[in-house]
Amino acid sequence: MIKFINKIADAVLRFLHLTKFKEQIMYLGVGVLTTAVDWVVYTLFVLFVPSVGGEFLQRISPNILSYSIAWFVAVVFSYFASKLLVFKPTDEKAATEFLKFFGSRAITLALSIVGDVVLSGEYALVPVKNPWIAKLIISIAVIIINYITSKWLVFTKKKPNGEEK
């Protein structure tokens, strides 16, 4: 299935004369799918799971559980999709690579929670009372940071002399 997807992507990119941007375009596609996974899980939790954490936490970050669970599911999906479709296998052991990926994504979980506090909570600095607009703003920042950390910290390839590319 992965080979089939890559063959189709290669053919489309060749046709459009965009082969030199394959990594970025494939990352964008995986990012869109990861964002969809994140939003679906987030939405399900916002709509169907009762709030947790008590009144104080709900006033500061009303969607902390939804962000956290959606983040976790999206990270697992994104790791495998990125590894198989975007960055290609590296020489690094899978467990080490996954831990680096998970750790780099922890930055975006923190960003999401801080963004929720800044945009959605009772004490919001820039009050955006609609949680979906706040989520959209936060998602854009997360996608950019995720690409940078994946490219430069997680899926790095070694040059023949042992240096990182």
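It should be emphasised that the depicted structure is a prediction, and the values quoted were computed from it without experimental measurement. (Residues numbered from 1 in each chain as written. Predicted model: local features only at pLDDT ≥ 70, side-chain atom pairs only at ≥ 80, totals over all residues. Heavy atoms only, no water.)

This part takes up empty space enclosed by the protein. Enumeration according to the criterion identifies 1 cavity of 30 Å³ or more in this entry. Here the largest cavity is characterised by a volume of approximately 300 Å³. Lining the largest cavity are 21 residues, and of these T34, D38, A74, V142 and N146 sit closest to its centre. Of all elements in the fold, only α2 (22-48), α4 (64-86), α5 (94-119) and α6 (131-154) reach the threshold of two or more residues within the lining of the largest cavity. Classifying every residue of the lining of the largest cavity gives 9 nonpolar, 9 polar and 3 charged. (1 Å grid on protein atoms, 1.4 Å probe; cavity = no way out; pocket = protein on both sides within 12 Å on 5 of 7 lines; lining within 4 Å. Points joined across faces, edges and corners; volume = space filled by probe spheres on them. Helix = DSSP H or I, 4+ residues; strand = E, 2+ residues; numbered from the N terminus. Nonpolar A, V, L, I, M, F, W, Y, C, P; charged D, E, K, R; others polar.)

α6 packs onto α2 with a crossing angle of 140 degrees between their chain directions and a minimal axis gap of 10 Å. Classified by the angle their axes make, α2 and α6 are oblique. The interaxial crossing formed by α2 with α6 has right-handed handedness. Two secondary-structure elements touch here, α2 through E23, Q24, Y27, T35, D38, W39, Y42, T43 and V46 and α6 through P131, W132, K135, L136, S139, I143, N146, Y147, S150 and K151. Its residues placed into classes, the contact of α2 with α6 shows 9 nonpolar, 6 polar and 4 charged. (Axes fitted to C-alpha atoms, helices over the stretch in contact; angles between N-to-C directions. Parallel < 35°, antiparallel > 145°, perpendicular 65-115°, else oblique. Left-handed = near helix turned anticlockwise from the far one by under 90°. Contact = heavy atoms within 4.5 Å.)

Now for unusual backbone geometry. Even without a glycine there, the phi angle at H17 is positive, about 60 degrees. Assignment of secondary structure puts H17 in the loop between α1 (2-15) and α2.

Further remarks concern the nonpolar core. Residues V86, F87, F101 and F155 are the most contacted members of the largest nonpolar core, which totals 16 residues. Listed by contribution, the elements that provide at least two residues to this core are α2, α4, α5 and α6. Among the elements that make up this core, the one with the highest residue count is α4 (6 residues). Setting aside anything within four residues of it in sequence, one finds F101 in contact with V75, S78, Y79, S82, S150, V154 and F155. Among the nonpolar cores identified, the runner-up in size contains 9 residues, and V41, Y67, L119 and A134 belong to it. (Core = buried A, V, L, I, M, F, W, Y, C linked by side-chain atoms within 4.5 Å. Buried < 20%, exposed > 50% of the residue type's maximum accessible area, 1.4 Å probe, protein only.)

Looking now at the environment of L33. Along the polypeptide, L33 turns up in helix α2. The spatial distance from the C-alpha of L33 to the C-alpha of S78 is 8.3 Å, given a sequence separation of 45 residues.

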